[in-house]
Amino acid sequence: MDRVFVEYQNFQRISFLEDSHPKGDYENCIFTSCIFANTHLSNINFIDCTFNHCDFSLVKVSNTAFRDCKIKDCKILGVKFEECNTFGFAIHF
């Protein structure tokens, strides 16, 4: 499967339960009111991304990279951040 490279995109009100989240690199993207609950974000790199009002309940984040990301007013339950890629790991809540 090919990896995608996405930059400077705005994602609004997308339910990734129905639409699969392609594996790859997301740089300088904004996610607003998106639903990631119970999805696999494993092996995805988020770089300088902002998440506003998103639902991260029980998301799988094995080897996921969050590099200088901002998470604002999001629902986060049962996420095992210790499984993330630790290289450059930086989340601002």
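A brief report on the enclosed structure follows. Quick caveat: nothing in here was measured; it's all calculated off a predicted structure.

Moving on: the pattern of salt bridges. Pairing between side chains becomes possible if they bear opposite charge and their charged atoms approach one another. Within the structure shown, the criterion is met by one salt bridge. Salt-bridge contacts for R3 lead to D25; the nearest nitrogen and oxygen are separated by 3.7 Å. Taken as a pair, R3 in the segment before β1 (4-7) and D25 in strand β3 (residues 24-27) lie far apart in primary sequence, 22 residues in all. Residue D25 is classed as partly exposed on the basis of its relative accessible area of 22%.

Glancing now at the pairing of β3. Note: β1 against β3, four bridges, orientation parallel. Residue pairing in the sheet places V6 in a bridge with Y26 of β3. Note that β3 and strand β5 (residues 45-47) share three bridges and pair parallel. Of the residues in β5, the one forming a bridge with D25 is N45.

Position of N28 among the secondary structure elements: in the loop between β3 and β4 (30-32). Among all residues touching N28, those that are not within four sequence positions of it are Y8, Q9, I47, D48 and C49. Reaching out from N28, the side chain makes a polar contact with the side chain of Y8 at a distance of 3.5 Å.

Looking now at the nonpolar core. Y26, F31, F36, F46, F51 and F56 are the most contacted members of the largest nonpolar core, which totals 24 residues. With residues near it in sequence (within four places) discarded, Y26 still touches V4, V6, F11, H21, F31, I44, N45, F46, I47 and C49.

In space, the four strands of this open sheet follow the order β1-β3-β5-β7, with parallel pairing throughout. A single partner strand is all that each edge strand has here, and the edge strands are β1 and β7 (65-67). Along the sheet, successive strands turn relative to each other by an average axial angle of 10°, direction set aside.

With that settled, the discussion passes to the packing of aromatic side chains. Going through the model one piece at a time under the given rule, you end up with 17 aromatic pairs. Seen from their ring centres, F31 and F46 are 5.9 Å apart, and the 85° between their planes marks the pair as edge-to-face. Of this pair, F31 sits in strand β4 while F46 sits in strand β5, and the two are 15 residues apart along the sequence. With a relative accessible area of 0%, F31 lands in the buried category. Judged by relative accessible area, F46 falls into the buried class, the value being 0%. Measuring from ring centre to ring centre gives 5.4 Å for F46 and F66, while their planes differ by 15°; the resulting arrangement is stacked. Taken together, the residues span a long stretch of sequence, with F46 in strand β5 and F66 in strand β7 at a distance of 20 residues. For the pair F46 and F66, one class covers both residues: buried.

Cut-offs applied
Residues numbered from 1 in each chain as written. Predicted model: local features only at pLDDT ≥ 70, side-chain atom pairs only at ≥ 80, totals over all residues. Heavy atoms only, no water. Salt bridge = Lys/Arg side-chain N within 4 Å of Asp/Glu carboxyl O. Helix = DSSP H or I, 4+ residues; strand = E, 2+ residues; numbered from the N terminus. Buried < 20%, exposed > 50% of the residue type's maximum accessible area, 1.4 Å probe, protein only. Pairing = 2+ DSSP bridges. Contact = heavy atoms within 4.5 Å. Polar contact = N/O pair within 3.5 Å; in protein donor to acceptor, adjacent residues only side chain to side chain. Core = buried A, V, L, I, M, F, W, Y, C linked by side-chain atoms within 4.5 Å. Axes fitted to C-alpha atoms, helices over the stretch in contact; angles between N-to-C directions. Phe/Tyr/Trp six-rings, centres within 6.5 Å; stacked < 30°, edge-to-face > 60°.

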